[in-house]
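The primary structure of each chain is shown beneath.
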Amino acid sequence: MSAGANIQNGQHDDGETRRGFMQMLAGAFGAVGLGAFLVPAVNSLNPAKDTLALSTVEVDLSDVPVGGSKTVMWQGKPIFIRHRTAEEITEAEDVDVQTLTDKQTDESRVEKPEWLVVVGVCTHLGCIPQGQKTTDNHGEFGGWFCSCHGSQYDTSGRIRKGPAPKNLAVPPYKFVNDTTIKIG
Amino acid sequence: MGNHPREQFDNPVVEWVDSRLPIFTILNKEYGVFPTPKNFNYFWNFGAIAMFMLVTMIVTGIILAMHYTANVNLAFDSVERIMRDVNGGWLLRYIHMNGASFFFIAVYIHIFRGMYYGSYKRPRELLWILGMVIFLLMMATAFIGYVLPWGQMSYWGATVITNLFSAIPYVGEHIVTLMWGGFAVDNPTLTRFFALHYLLPFVIFAVVFLHIWALHVTGSNNPLGIDVKGPQDTIPFNPYYTMKDFFGLIVFVMIYCMFIFYMPDALGHSDNYIPANPLSTPAHIVPEWYFLPFYAMLRAITFNMNVYMLAGLALLAVVLVEFVWRHKPKYLNAPIGFLIFAAGGALALFGFLADMNQDWEIPMSAAEVAPVPAKLGGVLTMFGSIAMLFIMPWLDTHPIRSARFRPLYKATFLLLFVLFVALGYIGSQPADANVAGIPLSVFGLALTGYYFGFFLVILPLLSRFEKGRKLPLSIHEAVLAKKQQFQGVSA
Ligand code: HEM
Ligand code: FES
């Protein structure tokens, strides 16, 4: 059995073999290699560069009368722009913030009080609420009404009633001049 | 496989192949002489029917894919072209479209059969779980397939269902963006859905193979739910059950053809013939009929689970484990158990009322600090309802399989079936619908309660306390007794 010692592949006193070590090493390399492939493979499913490139739009507001609305597309989602009337603004500002589901003041949601700009996607499960046309159902709070599961938004786009957990999101935007905004 | 003694075939070509690859030997063993209980009723047809439907879906699907274009600007028109211009395209599409429904009909009956006759019980637990995996994969495939024609229901169904995942805390939004490949359901979503819709049926095929393999290890259950004791209890699969399956299949396909040829759109929604419009949501979104009961459970959770309610539910769970699941309570005695039960119930109710009445301003009851908001609660309930089916073999440990010999199980199970259908109706109605002034979602919640109660409470209790009827000694004896009774009557 003296020649057998070689075939044993360098057994140490503690019973560990070189082969066992090599197997673990190979396994570890395999796992790292698989991970190194999986990350880019899964990441390739995230928004691609051209999708991201569509991420700003400029909107001319000069044609929207007081009380009127405009809908534009940004990142595949509708953006609701509302030229609010004086009553709508006071209504939005007078609400006691503590009674709201998602506690936000009206001031924190607008750049200029006359212009409300929100993402027109219900924060419940993503339907498009009604209320952009004057003939639409505006819900009990004068803003928007989502007919999918009955969420109601006020004149600041805040959730007031129904299953939606959050206010309509405010997209990042700024006024380029008095009548133009840039979204994104 | 291959090393067992093999019987020679007379046909020289068959023999040449079989001696190199014993495929004919295996086919003969598993589908020819395979010993099968001799007392099957027609409920045992639906496995074979489901298999037929899977093949039908794959064959028609591959041909449709040759004419279909997965692009948001072309998809709807390519399906209309299939309907109007491709030779026989309307037929292929109607076979595929209604095929999804009939596939689900077959599989639902197949599952209810298994539940009624106790086919999920030892030793068939793994067989049952593989079946459930198939069911989940089918739901994924059908949901994704419904998106492909890119009509209004396709688009908005996809939007609502993918948005469910945003309920997952912290990572939800990222998962949804990852699924969409953008910031809304759009072209990247459609192309990846098409790739998956092509792939998943073949994954189903592989799992069906494992399912049947597991079946052929344990052998089939039967309407009496008792084990096969010897050759007098069985008959060879061929020709007896090949014929019976064939007959059942013909009847099934006749009904299927009635839909294909005379009312091809009866099971679908007409809004899906309007091209997808990301700017306008249809007034009333409904999923396909086979998802409705689960959709109703999703919508039944209209309240947020705040800390009070979760604490109450946790206490109730302790009572459930100690007094219902354990045969003897380990840590608690009855009076303490009752106290915990009462406290848990009261706390859960208090939490519920505190959530419903936000103006009470009870500390930590505000909707936005609830650990499980309504949206997440609904999603957990929906997936939980399917999880119940997965763990059913461990919830029902009663030694008798068939409901024929368990009157209490039979009654509670048939009630479950009726309520499940009622849930389907609730799921089909608008969210704000009500009956006699009571919102439908309240009924939805009550029925959801029974669904979970059946699995978590009734099944374990019945396992311990239901006595059951006396079982026949063998399948053979029961069949003979029935025959004699029948002859006695006719003589
Ligand atoms: C588990 C099996 C399958 C199920 C449950 C299933 C389900 C569905 C459903 C519900 C639709 C929507 C039908 C409509 O409303 O128009 C659909 C469409 C489609 N499926 Fe499948 N399918 C299956 C297998 C396949 C396979 C294997 C292919 C092959 C690639 C395929 C290709 C297609 C195509 C191209 C469409 C779009 C055309 C159309 O809408 O008619 N399907 N599928
Ligand atoms: S998506 Fe708007 S209420 Fe559900």
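Nothing here was measured: the structure is a model prediction, and the numbers come from that model.

Asks: Please give an account of the domain arrangement of chain A that cites residues and values.
Replies: On domain assignment, one finds that chain A holds domain 1 (4–43) and domain 2 (51–183). Here domain 1 of chain A and domain 2 of chain A have C-alpha centroids that lie 58 Å from each other.

Asks: So what's going on with the interface of chain B and chain A? Residues and values would help.
Replies: Taken residue by residue, the interface counts 29 residues in chain B and 23 residues in chain A. Those elements giving two or more residues to the side of chain B that touches chain A turn out to be helix H7 (152–164), helix H8 (172–180), helix H9 (187–218) and helix H14 (374–395) of chain B. Here the side of chain B that touches chain A gets five residues from one element, more than from any other, and that element is H7(B). In terms of residue class, the side of chain B that touches chain A is made up of 15 nonpolar, eight polar and six charged.

Asks: Before we move on, can you summarise helix H11 (residues 292–300) of chain B with the specific residues and values?
Replies: Residues and elements named next belong to chain B. Of all the nine residues making up H11, nine are buried; the element is thus mostly covered by neighbouring parts of the structure. Turning to H11, its buried residues are Leu292, Pro293, Phe294, Tyr295, Ala296, Met297, Leu298, Arg299 and Ala300. Contacts from the buried residues of H11 go to H14, helix H15 (407–428) and helix H16 (440–465).

Asks: Pulling in residues and values, what's your account of the sheet that holds strand S3 (residues 77–83) of chain A?
Replies: Residue and element names in this part refer to chain A. As summarised here, the arrangement of the three strands in space is S2-S3-S4, forming an open sheet in which the pairing is antiparallel. Looking at the sheet topology across the chains shown, the edges are occupied by strand S2 (69–74) and strand S4 (115–119). The average undirected angle you get between the axes of adjacent strands in this sheet is 20°. Looking at chain direction, S2 and S3 are connected through six bridges and run antiparallel. Counted as the bridge partner of Val72 is Ile79 from S3.

Asks: Mind laying out the confidence of the model for chain B, listing which residues take part and the relevant values?
Replies: Taken over all residues, the pLDDT of chain B has a mean of 93, while the share at 70 or more is 98%. Among the prediction metrics, the complex's ipTM stands at 0.79, with pTM recorded as 0.90.

Asks: Explain the site of ligand 1 residue by residue, including any values.
Replies: Residues and elements named next belong to chain B. Near ligand 1 there are 26 residues, and of these Met57, Gly61, Ala65, Ala100 and Gly145 occur at the shortest range. Elements with a minimum of two residues in the shell around ligand 1: helix H3 (46–67), helix H5 (89–116), helix H6 (125–147) and H9. Take the shell around ligand 1: its biggest share by element is seven residues, from H3. Per-class residue counts for the shell around ligand 1 are 19 nonpolar, six polar and one charged.

Asks: If you had to explain the pairing of strand S9 (residues 180–183) of chain A to someone new, which residues and values would you point to?
Replies: Residue and element names in this part refer to chain A. Residues Ile181 and Ile183 point to one face of S9 and are all buried, whereas Thr180 and Lys182, pointing to the other face, are not buried. Pairing geometry for strand S8 (residues 173–177) and S9, over four bridges, is antiparallel. Residue pairing across strands places Tyr173 opposite Ile183, the latter belonging to S9. What sits between S8 and S9 in their antiparallel hairpin is a turn of two residues.

Asks: Account for the sheet that holds S9(A), with residues named and values stated.
Replies: Sheet strands line up and pair through hydrogen bonds in the backbone, either parallel or antiparallel. All names here are of chain A. Within the open sheet, the three strands sit side by side as S1-S9-S8. Their pairing is antiparallel. Unpaired on one side and paired on the other, strand S1 (57–60) and S8 mark the two borders of the sheet. Within the sheet, the average angular offset between the axes of one strand and its neighbour, ignoring direction, is 30°. Strand direction decides the pairing type here: S1 and S9, joined by four bridges, are antiparallel. Along S9, the bridge assignment pairs Val57 with Ile183.

Asks: Got a sec to walk through H15(B)? Specific residues and values, please.
Replies: Residues and elements named next belong to chain B. Here H15 spans 32 Å end to end across 22 residues, near enough to the 32 Å set by a 1.5 Å rise per residue. Taken together, the buried positions of H15 are Tyr409, Leu419, Phe420, Leu423, Ile426 and Gly427. Each buried residue of H15 sits inside an arc of 120° when the element is viewed along its axis, so together they form one side. With respect to the buried face of H15, the exposed residues turned more than 90 degrees away are Ala411, Phe417, Val418 and Val421. Close packing links the buried residues of H15 with H11 and H16.

Asks: Would you mind going over the domain arrangement of chain B in detail, with residue names and values included?
Replies: Segmenting chain B into domains produces domain 1 (1–30), domain 2 (33–285) and domain 3 (298–477). Relative to domain 3 of chain B, the C-alpha centre of domain 1 of chain B lies at a distance of 53 Å.

Asks: Requested: an account of the packing of H3(B) against helix H10 (residues 237–262) of chain B, with residues and values cited.
Replies: Residues and elements named next belong to chain B. Following both chains from N to C, one finds H3 and H10 inclined at 55°, their axes separated by 9 Å at the closest point. By the angle between their axes, H3 is oblique relative to H10. Our pair here, H3 against H10, has a crossing hand that is right-handed. When H3 is examined against H10, the residues Ala48, Ile49 and Phe52 are found in contact with a partner set consisting of Asp245, Gly248, Leu249 and Phe252. Partitioning the contact of H3 with H10 into residue classes produces five nonpolar, one polar and one charged.

Asks: Which residues make up unusual backbone geometry, and what values do they have?
Replies: Residues and elements named next belong to chain B. The amide bond that connects Arg122 to the next residue, Pro123, takes the cis arrangement and shows omega of 5°. With respect to the element layout, Pro123 can be found in the loop between H5 and H6. Each neighbour pair has its own omega, and for Asn238 with Pro239 the value is 5°, a cis peptide bond. As for its placement among the helices and strands, Pro239 is situated in helix H10. Even without being a glycine, Trp150 presents a positive backbone phi close to 55°. Within the element layout of this structure, Trp150 appears in the loop between H6 and H7. We note that Ala436 has phi near 50°; this positive angle belongs to a residue other than glycine.

What counts, and at which threshold
Residues numbered from 1 in each chain as written. Chains lettered and ligands numbered in written order. Predicted model: local features only at pLDDT ≥ 70, side-chain atom pairs only at ≥ 80, totals over all residues. Domains from an automatic or database assignment. Contact = placed C-beta atoms within 7 Å. Helix = DSSP H or I, 4+ residues; strand = E, 2+ residues; numbered from the N terminus. Nonpolar A, V, L, I, M, F, W, Y, C, P; charged D, E, K, R; others polar. Buried ≥ 20, exposed ≤ 12 C-beta atoms within 10 Å, placed from the backbone. Pairing = 2+ DSSP bridges. Axes fitted to C-alpha atoms, helices over the stretch in contact; angles between N-to-C directions. pLDDT = per-residue confidence, 0-100. Near = placed C-beta within 6 Å. Expected span 1.5 Å × (residues − 1). Arc of directions from axis to C-beta. Parallel < 35°, antiparallel > 145°, perpendicular 65-115°, else oblique. Left-handed = near helix turned anticlockwise from the far one by under 90°.

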